[in-house]
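Below are the chains, spelled out letter by letter.
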Amino acid sequence: MFEKLYKKIFPIIKFIPPEIAHNLAIKFFSSFKKKIKSDDPILNTRVCNLKFTNPIGLAAGFDKNGEAFEGLICLGFGFVEIGTITINPQYGNKKPRIFRLLEDKAIINRLGFNNVGAEKVLENIEKSNIENSPSLLGINLGKNLDSKDPFEDYLKLLKIFNKKTSYITLNVSSPNTPGLRELEKKDNFDKLVKKISSFKRKNSINVPVFIKIDPDLSRNELGDIADIILSSSIEGVIISNTSIHRSSDLINKNANQKGGISGLPIKTKSNQLLKDFYILTNGKIPLIGVGGISTGKDAYERILNGASLIQLYTALVYKGPSVVNSIKEELIYLLKKDNYKSIGKAVGKLNK
């Protein structure tokens, strides 16, 4: 149903400014309901003591304010990550700030953590029925643009949301908040991780905490992050955020717009980064692969390179809601073809 409908309306959607189209999608999914079909047991997986009915998740950035995650879950996702959320509401960067690169199957955004703020998002979550859903909710946290102490922002947000979610993601890698990526530098990263670990311990917080890193890190920077995480209580790493680098192969006129690019152009880079990080950490840290994934083959490759879970975003825009089940069906076929009994058995196999 979705596939046919989306093929009919996408030629129209592409003439609607991207942010308006996105807001219409949020409005639609905020009231969308559909019976969730049970997943094939081969897709069931356990990560950080959380049971995922399937490993395909929606990346943060789509449902920034936690308005539509219940409807989005109905598309077949094993988990949905909302946010990025900041303590105080903020408008974000000046519009226009989202650009479609149709020929390149990509999106450039420079949104800048636009969201309604922690208090309102908390209300949205508390109104939901997520506790009775087979799918899991993740919450992505960031700092306000005018924050005087970004470390304190993350601690406050962790305190607010730790009992409302299956896992927390610390976003230190968006390219659209000035200075944010400085938190990935060795000393700052070490300080943040230690503060988070200490805060969790002192307050008996047990929710798994992941960190989302960017695809533009150097080999040395990646090594520093790996070392710090291995000796910390951080439970997982999401690889990767959007990229500020541009390939000379991009065709669309918007290719040089400022912001982070997502979708097909970062597929190879994100995949290689995940593979490198898996090797650097000897497979000891659960990894979530994201960036340019649009098929079951893409998802399977990321799993074989070390991803325990997968996230997508741009593929949902270009392929429509049916992409989730298409990926799952192809992934089931590939796992069975190679005689894997579960997702977990395939994780990292290309690196062993």
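Every value quoted in this text rests on a predicted model; they were computed, and no experiment measured them.

Chemist: Explanation requested: the overall build of the chain in the structure shown.
Modeler: For the chain, the count of helices and strands is 12 helices and 13 strands. Computed over the C-alpha atoms, the radius of gyration of the chain is 19 Å, within 12% of the 20 Å expected from 2.2 N^0.38 for a compact globule of 352 residues. The principal-axis extent of the C-alpha atoms belonging to the chain is close to 50 × 50 × 45 Å. Buried positions account for 59% of the 352 residues belonging to the chain. A sequence separation of at least 24 residues applies to 75% of the contacts in the chain between residues at least 6 apart. Split by element, the accessible area of the chain, about 16100 Å² in all, is 52% carbon and sulfur. Of the charged side chains in the chain, 54 are positive and 35 negative; the average position of the first set lies 4 Å away from that of the second.

Chemist: Before we go on, may I ask you to explain the sheet that holds strand β6 (residues 106-109) in this structure?
Modeler: Strand order in the open sheet formed by three strands is β5-β6-β11, with antiparallel pairing between adjacent strands. At either margin of the open sheet sits one strand with a lone partner, and together these are β5 (98-101) and β11 (260-263). Shown here is a sheet whose adjacent strand axes are inclined to one another by a mean of 20°, direction ignored. In terms of strand pairing, β5 meets β6 through four bridges, oriented antiparallel. When the sheet's bridge partners are listed, R100 is paired in β6 with I107.

Chemist: So what exactly am I meant to see when it comes to the layout of surface pockets here?
Modeler: It is the rolling of a water-molecule-sized probe over the atoms that shows where space remains empty. Estimated volume of the second largest pocket: approximately 410 Å³. Along the walls of the second largest pocket sit 24 residues, with F32, K33, E70, G71 and N129 positioned nearest its centre. No other element matches helix α3 (residues 69-73), which puts four residues into the lining of the second largest pocket. In the lining of the second largest pocket, the residues fall into nine nonpolar, nine polar and six charged.

Chemist: How do you make sense of the packing of aromatic side chains when you look at a structure like this?
Modeler: Note on aromatic pairs: each is described by the distance of the centres and the angle between the planes. Inspection of every chain in the model, using the stated rule, returns seven aromatic pairs. Between F62 and Y313, the aromatic rings sit 5.5 Å apart at their centres with planes inclined by 70°, giving edge-to-face as the arrangement. You can see F62 sitting in the loop between β3 (56-58) and α3 and its partner Y313 sitting in the loop between β13 (307-312) and α10 (314-319), a full 251 residues away along the chain. Assessed through its relative accessible area of 6%, F62 is described here as buried. Classification of Y313 by relative accessible area gives partly exposed; the value is 23%. Ring pairs connect the aromatic residues F52, F79, Y167 and F210, which therefore count as one cluster. Sitting over the ring of Y91, R97 keeps its end group 4.8 Å from the ring centre.

Chemist: So what exactly am I meant to see when it comes to the packing of helix α9 (residues 296-304) against helix α11 (residues 323-337) here?
Modeler: The description of two packed helices rests on the angle between their axes and on the distance between the axes. Their axes nearest at 7 Å, the elements α9 and α11 cross at an angle of 55°. The pairing of α9 with α11 is recorded here as oblique in orientation. The chirality of how α9 crosses α11 is right-handed. Listed contacts from α11 to G296, K297, A299, Y300 and I303 of α9 are I327, E330, L331, L334 and L335. Classifying every residue of the contact of α9 with α11 gives seven nonpolar, one polar and two charged.

Chemist: Hey, could you run me through the pairing of β13 in this one?
Modeler: Here is the key point about a regular strand: its side chains alternate between the two faces of the sheet. Of all six residues in β13, six are buried, a share of seventy percent or more. Relative to β13, β3 is paired through three bridges, and the arrangement is parallel. Directly across from G57, in β13, lies its bridge partner Q311. In terms of strand pairing, strand β12 (residues 287-290) meets β13 through four bridges, oriented parallel. Looking across to β13, one finds that G289 is bridged to I310. Remark: the β12/α9/β13 crossover connection has right-handed handedness.

Chemist: Could you clarify how one ought to interpret unusual backbone geometry in this entry?
Modeler: The phi angle of most residues is negative, glycine excepted, and most peptide bonds adopt the trans form. Of note, the amide linkage connecting G83 to T84 takes the cis form, showing an omega dihedral of 15°. As for its placement among the helices and strands, T84 is situated in strand β4 (residues 79-85). Here the bond from I239 into S240 is cis, since omega is 15°, no more than 30 degrees from zero. Examined against the element boundaries, S240 turns out to sit in the loop between β10 (236-239) and β11. Of note in the backbone geometry, F113 takes a positive phi value of approximately 55° without being a glycine. Position of F113 relative to the elements: it lies in the loop between β6 and α4 (118-126). Its relative accessible area of 4% is what places F113 among the buried residues.

Chemist: Explain the sheet that holds strand β9 (residues 209-213) here, please?
Modeler: Backbone hydrogen bonds are what pair the strands of a sheet, in a parallel or an antiparallel way. In spatial order, the strands read β3-β4-β7-β8-β9-β10-β12-β13; together these eight strands close into a barrel with parallel pairing. Shown here is a sheet whose adjacent strand axes are inclined to one another by a mean of 25°, direction ignored. Packing against the sheet, helix α5 (residues 150-161) makes contact with β4, β7 (136-141), β8 (167-171) and β9, and its axis sits at approximately 160° to β7.

Chemist: Is there a simple way to explain the nonpolar core in this structure?
Modeler: One recurring pattern in soluble globular proteins: nonpolar side chains tend to sit buried together. In terms of nonpolar packing, the biggest core is built from 84 residues, with F161, I213 and F277 touching the most fellow members. It is α11 that contributes the most residues to this core, seven residues altogether. Sequence-distant contacts of F161, defined by excluding residues within four places in its chain, comprise I85, A118, V121, L122, I125, I139, L141 and I168. Counting residues in hydrophobic clusters, the runner-up holds 12 residues, among them F52, L136, F210 and L309.

Rules used throughout
Residues numbered from 1 in each chain as written. Predicted model: local features only at pLDDT ≥ 70, side-chain atom pairs only at ≥ 80, totals over all residues. Heavy atoms only, no water. Helix = DSSP H or I, 4+ residues; strand = E, 2+ residues; numbered from the N terminus. Rg over C-alpha atoms; globule rule 2.2 N^0.38 Å. Buried < 20%, exposed > 50% of the residue type's maximum accessible area, 1.4 Å probe, protein only. Contact = heavy atoms within 4.5 Å. Areas by Shrake-Rupley, 256 points an atom, 1.4 Å probe, with all protein chains shown as cover. Lys, Arg positive; Asp, Glu negative; His and termini not counted. Charge placed at Lys NZ, Arg CZ, Asp CG, Glu CD. Pairing = 2+ DSSP bridges. Axes fitted to C-alpha atoms, helices over the stretch in contact; angles between N-to-C directions. 1 Å grid on protein atoms, 1.4 Å probe; cavity = no way out; pocket = protein on both sides within 12 Å on 5 of 7 lines; lining within 4 Å. Points joined across faces, edges and corners; volume = space filled by probe spheres on them. Nonpolar A, V, L, I, M, F, W, Y, C, P; charged D, E, K, R; others polar. Phe/Tyr/Trp six-rings, centres within 6.5 Å; stacked < 30°, edge-to-face > 60°. Lys NZ or Arg CZ within 6 Å of the ring centre and 35° of its normal. Parallel < 35°, antiparallel > 145°, perpendicular 65-115°, else oblique. Left-handed = near helix turned anticlockwise from the far one by under 90°. Right-handed = clockwise from strand over helix to strand, strands pointing away. Core = buried A, V, L, I, M, F, W, Y, C linked by side-chain atoms within 4.5 Å.

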